[in-house]
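Spelled out from the first residue to the last, the chains are:
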Amino acid sequence: VWTHKDGGGDADGTNGTWEPTLLNNFGEPVWRLSWSVTGSILAVSSGDSTVTLWKAGLDGTWKQVTQVEDVVGGSAGGGAESAAAPAAPGGVQQ
């Protein structure tokens, strides 16, 4: 995650520098990133079939808020089986 540090000078902050911060070593490819509407939470989808949510603290360090795992078993492409409604009692799908 890149953070802009204000360098003073211009009112628009163009004199500042950008500093990188390693969020996490995921160990698998990261497929997609998405910011929340407010820009305070970052969702990361990675190759281990998980989505993790990250939030920056007041001190600037990033903390993992939660993790969601694929309960279907990692079906490639998010096919019909991952989008299907849960089965009702007795195995009948609604």
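Above: the structure in question.
Residues numbered from 1 in each chain as written. Predicted model: local features only at pLDDT ≥ 70, side-chain atom pairs only at ≥ 80, totals over all residues. Heavy atoms only, no water.

Novice: Any details on the environment of Thr61? Residues and values, ideally.
Specialist: Relative to the assigned elements, Thr61 resides in the loop between strand E5 (50–56) and strand E6 (62–69). On the basis of relative accessibility, which here comes to 33%, the residue Thr61 falls in the partly exposed class. Excluding residues that lie within four positions of it along the chain, Thr61 makes contacts with Lys55 and Ala56. Of note is the side chain of Thr61, whose polar atom sits 2.8 Å from the side chain of Asp59. (Helix = DSSP H or I, 4+ residues; strand = E, 2+ residues; numbered from the N terminus. Buried < 20%, exposed > 50% of the residue type's maximum accessible area, 1.4 Å probe, protein only. Contact = heavy atoms within 4.5 Å. Polar contact = N/O pair within 3.5 Å; in protein donor to acceptor, adjacent residues only side chain to side chain.)

Novice: Requested: an account of the packing of aromatic side chains, with residues and values cited.
Specialist: Taken as a whole and judged by the stated rule, the model has two aromatic pairs. With a centroid separation of 6.1 Å and an interplanar angle of 80 degrees, the aromatic rings of Phe26 and Trp54 are classed as edge-to-face. Placement of Phe26 in the loop between strand E2 (17–20) and strand E3 (30–35) and of Trp54 in strand E5 is noted, with a sequence separation of 28 residues between them. Note on accessibility: Phe26 and Trp54 belong to one class, buried. (Phe/Tyr/Trp six-rings, centres within 6.5 Å; stacked < 30°, edge-to-face > 60°.)

Novice: Mind laying out unusual backbone geometry, listing which residues take part and the relevant values?
Specialist: When glycine is set aside, most residues are seen to have a negative phi, and most peptide bonds are trans. One non-glycine residue with positive phi stands out, namely Ser49, at about 65 degrees. Mapped onto the secondary structure, Ser49 falls in the loop between strand E4 (41–46) and E5.

In short, geometric facts, not functional conclusions.
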